[in-house]
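# Close look at the chain arrangement
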Protein chains: 2
Amino acid sequence: MPADGETRPPQTRPLQPLASLAPLFAPRSVAVIGASADPSRIGGRPIAYALRAGFAGALYPVNPNREEIQGVKAWPSVAAIPEPIDFALLAIPAAGVPQALRDCAAKGAKAAVIFTAGFAEVGEAGLALQAEILEIARAHGIRLLGPNCLGLFNAAIGHCPTFTSGIEAAMPVPGRVGLVTQSGAYGTHLLNMARDRRIGVRQWVSTGNEADITAPECIGWMAASDEIDLIGVYMEGVNDRPALFRALAAARAARKPVVVMKVGRSEVGAQAAASHTASLAGSDASFEAALRRFGALRAKTTEEMLDILYAASLSPLPKGRRLGVLTASGGAGVLIADAAEEAGLSLPALPEAAQTAILAANPLASARNPVDVTAGVLNDFSKVISATSELRGAGYDMTAAFFTSWTASPVVGPKLREALLAGLDGDVDHPFAMICQGDAEVMASWERLGMMTFEDPSRAIHAMGALARLAEAFDAPEETPPEAPAGVSLPRETLSELAAKRLLARAGIPIPDETLATTPQEAADAAARLGTPCVLKIVSPDLPHKTEVGGVRLNVPPLEMETAAREMLESVARNAPHARIEGLLVGPMAGEGVELIVGARRDPVMGPVMLIGLGGVFTEVLKDVAVELAPLSPAQALAALNGLRGAALLHGARGKAPVDVQAAAEAISRLSALAAADPDGFESLEINPLLVMPEGVLALDALIEPRKE
Amino acid sequence: MPADGETRPPQTRPLQPLASLAPLFAPRSVAVIGASADPSRIGGRPIAYALRAGFAGALYPVNPNREEIQGVKAWPSVAAIPEPIDFALLAIPAAGVPQALRDCAAKGAKAAVIFTAGFAEVGEAGLALQAEILEIARAHGIRLLGPNCLGLFNAAIGHCPTFTSGIEAAMPVPGRVGLVTQSGAYGTHLLNMARDRRIGVRQWVSTGNEADITAPECIGWMAASDEIDLIGVYMEGVNDRPALFRALAAARAARKPVVVMKVGRSEVGAQAAASHTASLAGSDASFEAALRRFGALRAKTTEEMLDILYAASLSPLPKGRRLGVLTASGGAGVLIADAAEEAGLSLPALPEAAQTAILAANPLASARNPVDVTAGVLNDFSKVISATSELRGAGYDMTAAFFTSWTASPVVGPKLREALLAGLDGDVDHPFAMICQGDAEVMASWERLGMMTFEDPSRAIHAMGALARLAEAFDAPEETPPEAPAGVSLPRETLSELAAKRLLARAGIPIPDETLATTPQEAADAAARLGTPCVLKIVSPDLPHKTEVGGVRLNVPPLEMETAAREMLESVARNAPHARIEGLLVGPMAGEGVELIVGARRDPVMGPVMLIGLGGVFTEVLKDVAVELAPLSPAQALAALNGLRGAALLHGARGKAPVDVQAAAEAISRLSALAAADPDGFESLEINPLLVMPEGVLALDALIEPRKE
């Protein structure tokens, strides 16, 4: 791969309708160019898979040397196929791909998958070849998957144009999960893990070089598909932001959970990703902000992703975060309580009457929550019935039950099941995790009741925490993005502090009552008008760091203003003789409050994002900064502020009065609207500090860095 | 269980030699009181297990109603057994336990396990019964395991006095792992998970109510055992601190990893634990400090604990944190790099020459590190050999290899193995994780080469991070604890600020040059002597919060001191008329620096601990506080300081000069020595603030709270 090559060029892609992916996922006829009689070879596997899966459409192996392939009549060329084809699979050397694609176009193909490697990922020549095939595809209205990918499958119709070994052992269990993976190899790893976990993957697609079709488009397809209820995504880079945002918005509107594992989180990982995919990385925090905005979940590990897909494919989403715990081991109850706190779930106590009822039946039990029925119930499962029934009656949003290997026993297992179902009145109508042991058949028997099974209690609880987050994201009210301020546009060159603040003021962000003085006398007049100790600052577009040249003085009494102003002009002239001086800014000393740093910057991948932090050590030492997509509503800005580690300072920590977070959120929202209205028109917008007072806010300083070109 | 009952009373326990546990873990003869002919019953399982495991010693089932039990001659009573017995197992109702114990004592038993429940965990009557059996045991020199426990096993000799279902399916695979679990039920869960993971548990013990033998004693036994190389621990509470510290120290000295899962980490979990075990919880941070001090690892989840035990049972410990990554999937390489950063492992690039060599053989590879050989090597495994060999030559401390399901293929798997071994020169001499897929036999075949196998890349890397932490703990130089300051003892009543600081000064902690003045004139004289602006403070043992009564003034010029002192005395007399006034403290204004809060307090479980934090928002808002056992050496104090989230402030963040962290560490160490020398003689010792200057430190204020009784 060339050091600066681009496997997935971050290009402006034409917007294509989702329906254009129908011939990819659900064709009626498939031609396999480079078909092999050997079912273990790349050109042979797709035919073997299609035959085993019972592909309902027409299958046309193309191979000039054979009459039939794996029992199917073969054709010497694409041209020889007697019928039109919807879909073509190309498993031939790179050099032959352009002509083959033209041949397929002549037969009416509307989608093609190219397994072949040797395109953008191998350097200049490959890049050119990739551009050529993309041009052919676009000229003929063919949607292209790959090149350099492992293909896809749609289990519902037995459509398996892939050579992944992830379905070699068996097709996935029937289910309603869609999986989109940029990496074919890691996709295969995931497919194997998903099958072992009994997660029913109905559609899977690996997008490879993404010459045409991108992972976000495939997410969009699945979000719109009647056959898919939840979507797992493995990503290495994003080259198609608009499609990603459309897809995530559509999935949320359809209440379909999207769980994303994006690698390159760490610095060293991002470097490795850049050398692997040559995608523009963007910042990981911006990517996470995008997922959060659209209610999608980020999974950090493969198992976490599969746990969430597993849980969401078996369970309804919970109505809240209240967890009831039923256990036969006190220790497991404690462990579960630990995990619940970490996952943000609460364990409210059972009502007194319910506790009394449980203890009446089972004096050795702990009845609060966790409810520990103790191993003594092995002799009397009616105690499990009563405890389960009391928990159910209390209306917890979720239940976790720990019965270790009881489930694996042919004697105890059925008794336990009967007792739990009796306690539940036969109805598993909320997320219910059985934390237990047994082989796949044991686990599946509980899943058929609508229960999740986990062996590790912590994983069960974290998966339920994810379900709660999904429910909250789907149920959150739609936020109206703030409107762009009318008549305010970002400058094309650097503004002085005063001009920048006045622009912010026109955008609705409060600034101090300041006067621009051009002489020491004018400064003295302005101070006299204010009648209070003043701030004096030099105004120059050339001096972003005013303090260093003696360009800032605080607490200047009006009577001393003229002298102070004169001294400042002399100091600046001495220290920065070439700076253009526009004048002196005189304003009142600001009151007490908490200082925020609020900025907007352009993320190369995710577009304009907001950075919001407390001033001082919080931003500089602790990196305690919220990153959010711009624009964001005041409510979203408020949530970001309250998510800061130092948020307590805003609410009156350390004996201080609470400050006006609502006004701060308004100002942040307005700045974000300014950034979003002209997303490519700036490098950064910064208010530092934004003083948040007990009532109201003031942008005490501002810097607008225009777009560099 | 009674609401305030105590299953494991936190009592002062007599120190017993480890050898006293030999009859428990390795008896020559075993009597089973309450033996059952039914191998599924509690009194029948231990016999069935012993027979299956081939217990080499003598086995005496005791049952008045049977001639033989499960093919073994039975005895009508303990007295009827013709030989002395080492060990007795009691599976009989609680009421019969005292007499049975006496009978066993008469036969020479030196250890007994009591399965029976109905003791301390059920309330007053049970507590009395537990006290009675403990008295009998102590009177006759019997070590007692339980009551209310699931027993233990020692697989090496087929000694299985347990009714856990965790060895029902099979005895554990042979290995050198010891497992100590306070909970029998969770211990069983762990045993099942460990077996599925092919972790060889040789000895397991569940300690139940811990009337006599405690979990820490069992850890100590295993630390001393020639048959155990590493120890896993599941804990709910600690009632035997000295034994825990001895055991952990012994394990570290023997370089035996100890991995501890202690539940009750969270607030709600700690509450649940309190109602479950009624152990004194102590603070979780103190427990963690103890583990850290002794180089033991804390696992947060069951899987994390098993991952570490698994890794440490297969791998040597690494020499450092440098990880080499070999992968057939670029995406997996990025994922691994992400996990490595999180686990604190570094991925240094291969030397240029090695990269060149890899690319010469395999132009499509990425050769930096991760080394991505790409799936192309399926056609030519010599490329795997050369890449592996180059990685080996670079001398990484650990290797992670990702080959997904290639291992599961009967064709590809053997080729891959041959290539890797060739590249390694046949020698797996450092931690090597195969991240791959396949059934248990596939995984075991790689383990036999000395490689770990993992399916989830993140778990593999985190386990290797744990190996690195263990190696560092074992290799760390022994720290000499600071000596108690000679001639300084903690007071039995509250001291004034000045007296407290003078005590600290005698313990070697620098304090400002202050004078105690008894009149305004004396204050003025002291100020004149200093000749600089001064601090003036009221001195009273009754006024811990001086500011609130007007008892602190800063920056007082010498000429204004007399007036200031008079005003202060008036203000205090007005605001706190009953306070005993010892005088006025006059000292120099302190210089620039960073303020720390340093305290010692008594943890009810872990003894004296130090709390160390930065002042202001760091402690109050961010709870950024290090907790360490007292005493700690200056090096340990320095490590604690550098572990603070805000540590950058000490090293010159925000344009300030670095401060004298070494002097701060000395002062902390000295305070810790004071606390450790009289661990029960105080409630808290606090220096707030300890001013750390560019050179030196000063304890600006101090509070010593004597022990309440």
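Residues numbered from 1 in each chain as written. Chains lettered and ligands numbered in written order. Predicted model: local features only at pLDDT ≥ 70, side-chain atom pairs only at ≥ 80, totals over all residues.

### Examining the overall build of chain A
- Summing up its helical and strand segments, chain A has 22 helices and 28 strands in all.
- Based on the C-alpha atoms only, the size of chain A along its principal axes is roughly 100 × 80 × 40 Å.
- Within chain A, the proportion of its 709 residues that are buried is 56%.
- Once local pairs closer than 6 in sequence are excluded, the contacts in chain A between residues at least 24 apart make up 71%. (Helix = DSSP H or I, 4+ residues; strand = E, 2+ residues; numbered from the N terminus. Buried ≥ 20, exposed ≤ 12 C-beta atoms within 10 Å, placed from the backbone. Contact = placed C-beta atoms within 7 Å.)

### Quick look at helix α22 (residues 661–677) of chain B
- End to end, α22 of chain B covers 24 Å across 17 residues, agreeing with the expected 24 Å (1.5 Å per residue, within 8%).
- For α22 of chain B, the buried fraction is high: 15 of the 17 residues fall into the buried class. (Expected span 1.5 Å × (residues − 1).)

### Some remarks on the relation of the copies chain B and chain A
- Each copy of the sequence occupies a distinct position, and chain B is placed on chain A by a rotation of 180 degrees and an axial shift of 0.0 Å, giving an RMSD of 0.1 Å. This pairing of chains is accounted for by a two-fold axis.
- The residues that chain B uses at the interface reappear at the interface of chain A in 100% of cases, marking a shared surface. (Least-squares fit on C-alpha atoms with pLDDT ≥ 70 in both.)

### Examining helix α16 (residues 457–475) of chain B
- Look at α16 of chain B: 27 Å from first C-alpha to last across 19 residues, which is about the 27 Å you get at 1.5 Å a residue.
- Of all 19 residues making up α16 of chain B, 15 are buried, and the element is well covered by its neighbours.

### Structural notes on the nonpolar core
- Ranked by internal contacts, the top residues of the largest apolar core, which has 445 residues, are A31, A112, A400 and M464 of chain A together with A112, A400 and M464 of chain B.
- Not counting residues up to four positions away in its chain, the partners in contact with A400 of chain B are L323, V325, I336, A433, I435, A460, I461 and M464 of chain B. (Core = buried A, V, L, I, M, F, W, Y, C linked by C-beta atoms within 7 Å.)

### Some remarks on the interface of chain B and chain A
- Taken together, the 62 residues of chain B in the interface contact 62 residues of chain A.
- Those elements giving two or more residues to the side of chain B that touches chain A turn out to be α5 (184–196), α8 (267–277), α10 (302–314), α11 (330–343), α16 and α20 (617–620) of chain B.
- With 11 residues, the single largest contributor to the side of chain B that touches chain A is α11 of chain B.
- Of the residues belonging to the side of chain B that touches chain A, the class tally is 26 nonpolar, 22 polar and 14 charged. (Nonpolar A, V, L, I, M, F, W, Y, C, P; charged D, E, K, R; others polar.)

### Observations regarding the sheet that holds strand β7 (residues 143–145) of chain A
Residue and element names in this part refer to chain A.
- Pairing in this open sheet of five strands is parallel, and the strands run β2-β1-β5-β6-β7 from one edge to the other. Edge positions in the sheet fall to β2 (58–62) and β7, since each of these pairs with one other strand and no more. Neighbour to neighbour, the strand axes of the sheet diverge by 15 degrees on average, direction disregarded. (Pairing = 2+ DSSP bridges. Axes fitted to C-alpha atoms, helices over the stretch in contact; angles between N-to-C directions.)

### Describing the sheet that holds strand β22 (residues 583–588) of chain B
Residue and element names in this part refer to chain B.
- Spatial ordering of the open sheet is given by β19-β22-β20-β21, a layout of four strands whose pairing is antiparallel. Of all strands in the sheet, those with a lone pairing partner are β19 (515–517) and β21 (552–556), marking the two edges. Direction aside, the axes of adjacent strands within the sheet are offset by 25 degrees on average.
- Most of the contacts of helix α17 (residues 497–506) go to strand β20 (residues 534–539), to which it runs at about 110 degrees, and overall it touches β19, β20 and β22.

### Notes on the confidence of the model for chain A
Residues and elements named next belong to chain A.
- Predicted confidence across chain A gives a mean pLDDT of 92, with 96% of residues reaching 70 or more.
- Segment residues 1–6 is flagged for pLDDT under 50; beyond a separation of four residues in sequence, or across chains, it makes 11 contacts in the model.
- Residue range residues 277–281 is modelled with pLDDT below 50. Its contacts to residues more than four positions away, or to other chains, number 21 contacts.
- Scored by ipTM, the complex comes to 0.91, with pTM at 0.93. (pLDDT = per-residue confidence, 0-100.)

### What about the domain arrangement of chain A?
- Each assigned domain of chain A is listed with its residue range as follows: domain 1 (18–312), domain 2 (316–475), domain 3 (513–588) and domain 4 (594–706).
- Spacing between the C-alpha centres of domain 3 of chain A and domain 4 of chain A amounts to 27 Å. (Domains from an automatic or database assignment.)

### A word on the pairing of strand β5 (residues 87–90) of chain A
All names here are of chain A.
- A two-sided burial pattern is seen for β5, the buried positions comprising F87 and L89 on one face and A88 and L90 on the other.
- Across four bridges, strand β1 (residues 29–33) lies against β5 in parallel orientation. Bridged to A31 within β5 is A88.
- Relative to strand β6 (residues 111–114), β5 is paired through four bridges, and the arrangement is parallel. Each bridged residue has a counterpart across the sheet, and for A88 the counterpart in β6 is A112.
- Since β5 and β6 lie parallel, the crossover through helix α3 (residues 97–106) that links them has a hand, and here it is right-handed. (Right-handed = clockwise from strand over helix to strand, strands pointing away.)

### Describing the packing of helix α12 (residues 352–361) of chain B against helix α13 (residues 382–393) of chain B
Residues and elements named next belong to chain B.
- The N-to-C vectors of α12 and α13 enclose an angle of 175 degrees; their axes lie 9 Å apart at closest approach. In terms of orientation, α12 and α13 fall into the roughly antiparallel class. Residues A354, A357, I358 and A361 of α12 form the contact with α13, whose participating residues are K383, S386, A387, E390 and G393.
- Partitioning the contact of α12 with α13 into residue classes produces five nonpolar, two polar and two charged. (Parallel < 35°, antiparallel > 145°, perpendicular 65-115°, else oblique.)

### Considerations on unusual backbone geometry
- For the bond running from A630 of chain A to P631 of chain A, omega is 0 degrees, close enough to zero to count as cis.
- Relative to the elements of secondary structure, P631 of chain A occurs in the loop between β25 (625–629) and α21 (634–642).
- In this structure, the amide linkage connecting N688 of chain A to the following residue, P689 of chain A, adopts the cis form with an omega of 5 degrees.
- Even without being glycine, T404 of chain B reaches a positive phi, approximately 35 degrees.
- Secondary-structure assignment places T404 of chain B in strand β16 (residues 398–404).
- A count of 26 C-beta atoms within 10 Å places T404 of chain B in the buried class.
- For D425 of chain B, which is not glycine, the phi dihedral falls at a positive 60 degrees.
- Turning to its location among the elements, D425 of chain B is positioned in the loop between α14 (412–423) and β17 (432–436).

### Describing the pairing of β20 of chain B
Residues and elements named next belong to chain B.
- Within β20, six of the six residues are buried, which leaves the element mostly enclosed by the surrounding structure.
- A two-sided burial pattern is seen for β20, the buried positions comprising C534, L536 and I538 on one face and V535, K537 and V539 on the other.
- The pairing of β20 with β21 spans three bridges and is classified as antiparallel. Within the sheet, the bridge partner assigned to C534 lies in β21 and is V556.
- Across six bridges, β20 lies against β22 in antiparallel orientation. Bridge assignment links I538 to a residue of β22, and that residue is L584.

### Thoughts on the packing of helix α18 (residues 520–530) of chain A against helix α19 (residues 561–575) of chain A
Residues and elements named next belong to chain A.
- Where α18 contacts α19, the two axes come as close as 8 Å, and the packing angle between them is 140 degrees. Relative to α19, the element α18 is oriented oblique. The two elements α18 and α19 meet at a crossing, and its hand is right-handed. Facing P520, Q521, A523, A524 and A527 of α18, the residues of α19 in contact are M561, E562, A565 and R566.
- Here the residues of the contact of α18 with α19 sort into six nonpolar, one polar and two charged. (Left-handed = near helix turned anticlockwise from the far one by under 90°.)

### A closer look at the environment of L127 of chain A
- Along the chain, the position of L127 of chain A falls in helix α4 (residues 124–139).
- Distance from L127 of chain A to A26 of chain A, taken between C-alpha atoms, is 29 Å for residues 101 residues apart in sequence.

### Re the environment of D525 of chain A
Residues and elements named next belong to chain A.
- Inspection of the secondary structure puts D525 in helix α18.
- Under the C-beta neighbour-count criterion, D525 is labelled partly exposed, with 17 such atoms within 10 Å.
- Sequence separation between D525 and M222 is 303 residues, and the spatial gap between their C-alpha atoms is 68 Å.

### Details of the environment of A637 of chain A
All names here are of chain A.
- Note that A637 resides in helix α21.
- A C-alpha to C-alpha distance of 8.3 Å links A637 and A664, two positions 27 residues apart in sequence.
- Leave out the neighbours within four places in its chain, and A637 touches L632, A665, I668 and S669.

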